[in-house]
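Commentary on secondary and tertiary structure
If you want the building blocks of each chain, they are given just below.
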Protein chains: 2
Amino acid sequence: MDLPAVWLRDNCRCAKCRDPRTGQKLFDITDLPDPITVTDRVEDEFAVHLVFGPDGHRSTFDRAWLHENQPGRGEQDFRVESAKDLWPSIDPPVFTWGGPELPWLESVLCRGFAVLSEVPVEPGAVLRVAESFGYVRETNYGRLFHVRVEAEPNNLAFTGLPISPHTDNPYRDPVPTVQLLHCLENAVEGGETTLVDGFHAAAVLRERDPAAFRALSGTPVTFEFADRDAVLRASRPLIGVDPRGRIREIRFNNRSLRPLGWSAEEITEFYRAYRVFAELLAEPAHQVRMRLNPGDCLVFDNTRVLHARTGFADTGRRHLEGCYADLDSLASRVEVLRREPLVALSALFAGAGAQDYLGEEVTQAEHMLQAAARAEAAGAPDHLVAAALLHDIGHVLPETGQHHDEAGAAWLARWFGQEVTEPVRLHVAAKRYLCAVEPDYFGRLSAASVHTLSLQGGPMTAEQAGEFAAGPYAADAVAVRRWDEAAKDPALASPPLEHFLPVLRRILERAGRPG
Amino acid sequence: MDLPAVWLRDNCRCAKCRDPRTGQKLFDITDLPDPITVTDRVEDEFAVHLVFGPDGHRSTFDRAWLHENQPGRGEQDFRVESAKDLWPSIDPPVFTWGGPELPWLESVLCRGFAVLSEVPVEPGAVLRVAESFGYVRETNYGRLFHVRVEAEPNNLAFTGLPISPHTDNPYRDPVPTVQLLHCLENAVEGGETTLVDGFHAAAVLRERDPAAFRALSGTPVTFEFADRDAVLRASRPLIGVDPRGRIREIRFNNRSLRPLGWSAEEITEFYRAYRVFAELLAEPAHQVRMRLNPGDCLVFDNTRVLHARTGFADTGRRHLEGCYADLDSLASRVEVLRREPLVALSALFAGAGAQDYLGEEVTQAEHMLQAAARAEAAGAPDHLVAAALLHDIGHVLPETGQHHDEAGAAWLARWFGQEVTEPVRLHVAAKRYLCAVEPDYFGRLSAASVHTLSLQGGPMTAEQAGEFAAGPYAADAVAVRRWDEAAKDPALASPPLEHFLPVLRRILERAGRPG
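Reading the values: the criteria
- Residues numbered from 1 in each chain as written.
- Chains lettered and ligands numbered in written order.
- Predicted model: local features only at pLDDT ≥ 70, side-chain atom pairs only at ≥ 80, totals over all residues.
- Heavy atoms only, no water.
- UniProt positions renumbered as here; feature names shortened; annotations may be inferred.
- Pairing = 2+ DSSP bridges.
- Helix = DSSP H or I, 4+ residues; strand = E, 2+ residues; numbered from the N terminus.
- Axes fitted to C-alpha atoms, helices over the stretch in contact; angles between N-to-C directions.
- Contact = heavy atoms within 4.5 Å.
- Buried area = accessible area lost by both parts, 1.4 Å probe.
- Salt bridge = Lys/Arg side-chain N within 4 Å of Asp/Glu carboxyl O.
- pLDDT = per-residue confidence, 0-100.
- Domains from an automatic or database assignment.
- Polar contact = N/O pair within 3.5 Å; in protein donor to acceptor, adjacent residues only side chain to side chain.
- Nonpolar A, V, L, I, M, F, W, Y, C, P; charged D, E, K, R; others polar.

The name given to chain A in an unreviewed UniProt entry is Gamma-butyrobetaine dioxygenase, with Kutzneria albida DSM 43870 as the source organism. In its Sequence similarities (unreviewed entry) section, UniProt records this for chain A: "Belongs to the gamma-BBH/TMLD family."

This is the structure in structure tokens:
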């Protein structure tokens, strides 16, 4: 471990360095000695203990924490292209309002949009959708705006004209990062909604025409909106990149682009690149087309996904209500929802998990932690470490009347996919299977496990074993079962649950990513 | 004029290209032919008329518009360092709440902060200050938050601990760009407020230690805030620059910096640079220190100005109310207020200005426009072109009982500085002065001017002339007077008022900049 001493010291977790109430650091970088060194270190199985010089400050770092935060992993910026799933086209991801929050919020974060159906067709309902994950960003258009034909429009959105792919409010800085459009009425010919993944188009541009990408990401342009009450201007490139060159923000709106002020040469190159990018965005193969019907609410990332609409008769009845919100609150809500199972699991391991594992010499928690440690030692992938860790969670859940394998799998399915839940659901069946197909397996069962085997139906018949082995999760369930049998050793130290939280976190993060 | 044809065509002002109701462009870049050329052009005194090929589209560009929007001027991004007045230290700019809005809003834009005094010491008053120029940005701390000692703080702000210079909410993306802190009570020892101009410090860093500047502007770092209800994370560099390398955003907050994930080498260089920058920010010479008293409201640019407070006893009575808002709305309000005099002047020139200029063969408006054209032709600086343009504005204002020189100057002083208002106020005195000191001047006066001379007190005495000539604005007033006399020619075409609006706009923009 050759971590810079200043990095270690700046991240000390002790109560003098970090306020236990808020988790915030209590010192400034200028409060640390310079240079700072590590003068002593002691390692044990789960932690690294350091002494720093010249001040003698002592810090202890949990190994799991060090693993999760190790340098070289990069910074996980939720706004940049590497955190997203880019698409040339895609079936609109439709979710039901009132159903689980996490999937549609993750869809907005990763795919850039989600369609919610069954949002009440009531004025103002769009604000309740925004407030479910964050805060409405009020603008000069109001907290809520109406997209319908106006007698005196201050924006082309409020006419029946077709509008080509664009991002909203490019003349605002900071730009609103999430937009919501809720359909109350759509009884016109036309008025269809088109979406384009601007990140994907920018990535294609970078591949096909690197000079054009450089021109668009390197040239601030000014957007302007002016009416009686506002004169808004913002100067930003059409393709915003982070300091590492990663795409993180698209602004695209010819309606409000002001005359470019750079040199004639720069202008000429900009216009060439602008046209190439606009042509890419206009390719039907890069567009998702859909019709919003009453009750549908489109939620999208306004820094990434461009939206457009086809024209319709000014006399037709089409009424959307819209509002703006921000991605940071949405990402926060996703993190809180992802954290929820970890909080619940921590409580279960510390509570019911501390009870005896009936008939064994370890507690329920120790048993599960040992099983997970076995899986980890075997080099198992994350989902099998998790399945080993959680295989008996049904034993420590409040009573449901189900067997513990079914109960555990059902509870875990709130957050985890089948790659975790199926080995859990099948780990009892795997015992019955192994007893049928491995002559010496029965002899290795603990006394308590022999006792429960008969309650569970005894060894499988040959026919049952054949069916079981043909299932897609049989091998995983068998692997979990073997670690389960090997995890009842009172002499073995178990790592704490914290050791496995990073594994669970990784799985929960990946779960949000469409396949 | 070698402007790129595509730039001209994309900026066509005709009603087919631009919606007259909204001012928004009605076509996309892909709707234009490629390549596009100028096939014919005709110029007259005030406009350039073009025909484009291959489609034959015709455009007319006002010369003043072309001048104002000419390429090569760069982009006027209100967020970057070049639009700001950087300071190492400064006397806090204090304004009275209820007084003129423009000066304190301009102070926030240009200096990064303003102190408003006499804001009512009432709960929620801070929200009314924010709503006077924009929209409150609600966050997980609420629409309004209380800065006072809390029993269970989720942030060190809510303790009595000292807090070193930082920007707020670096873990939010988009970050709130304006912060307001309104003092309701401050009866503690300590608890003083310190401000640092982060743009100035970054510019000094760039000068002193370019490698450190590169490290901080090139390394995204992650800030995090987590409590029961939120897990907020944002990854941005400490010094944000635009694609041209101009400073545009500072994030600085050691309390919430997450462990850096870059390589050990990058981490080492980052920490070196971070320490140098932190030391710069901590230099007393770079800090403004003040005490907020009940009724004071501090409004500052949270992307630029770092704030700090000294510690105080947890038992002391100190209570601030705070909220967040955004710079774009603030800048919009400034533009609307700056536009106001132009709107008023346009109405005056078109209304009362169209009346006869008593005893002369030109209208009031023609006279003023001719005077401004003379000043412009003489190569006069903006403020004298403006003074010439506006010298008789007192004639077209509603009656106030004052003489037209005094009335005009007083009205203009709402928006313009003395460099414009004093020559206007003195242009009649300048006539009396010139008649006294130049023997042939009287003979060049028009009949009407001779008539008014006696009403105005006749030529100055030698003593009066000596006093006048010693005044700081005498030469400017005399220059305006000479253009005034030469601006009564019925045979001369006057440029339209629009021709001079860019001059006025430039002056109004500069007026916001402290000297």
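With respect to the sheet that holds strand β14 (residues 287-290) of chain A
Residues and elements named next belong to chain A. Within the open sheet, the four strands sit side by side as β7-β16-β9-β14. Their pairing is antiparallel. Each edge of the open sheet is held by one strand with a lone partner, namely β7 (163-166) and β14. The sheet shows a mean angle of 15 degrees between the axes of neighbouring strands, direction not considered. Both strand β9 (residues 193-197) and strand β16 (residues 305-309) contribute to a ladder of five bridges, which runs antiparallel. The residue of β16 that forms the bridge with Thr193 is Arg309. Packing of helix α5 (residues 198-208) onto the sheet brings it into contact with β9 and β16, and relative to β9 it is tilted by some 45 degrees.

So, the interface of chain A and chain B
It is common to give the size of an interface as the accessible area lost on bringing the parts into contact. Residue-level contacts link 97 residues of chain A with 96 residues of chain B. When chain A packs against chain B, close to 8,300 Å² is buried across both sides, 50% of that on carbon and sulfur atoms. When the buried surface of chain A facing chain B is broken down by residue, Glu75, Arg244 and Arg275 of chain A rank first, second and third, together holding 9% of it. If you look at where chain A meets chain B, you find 12 salt bridges.

Quick notes on the confidence of the model for chain A
Averaged over all residues, the pLDDT of chain A equals 93, while 99% of them reach at least 70. This complex was scored by the predictor with a pTM of 0.84 and an ipTM of 0.84.

Some words on the domain arrangement of chain A
Residues and elements named next belong to chain A. Per the domain assignment, the segments of chain A are domain 1 (5-69), domain 2 (87-325) and domain 3 (340-511). Summarising the inter-unit geometry, the C-alpha centres of domain 1 and domain 3 are found 36 Å apart. Contacts between the two partners involve four residues from domain 1 and, on the opposite side, eight residues from domain 3. Both faces combined, the contact of domain 1 with domain 3 buries some 510 Å², and carbon together with sulfur accounts for 63% of it. The tally of links between domain 1 and domain 3 comes to one salt bridge. For Arg505, the salt bridge is made with Glu68, and the minimal N-O distance between the two is 2.4 Å. On the surface where domain 1 and domain 3 come into contact, there are one residue pair in polar contact (both at pLDDT 80 or more). When its residues are assigned to classes, the side of domain 1 that touches domain 3 shows two nonpolar, one polar and one charged.

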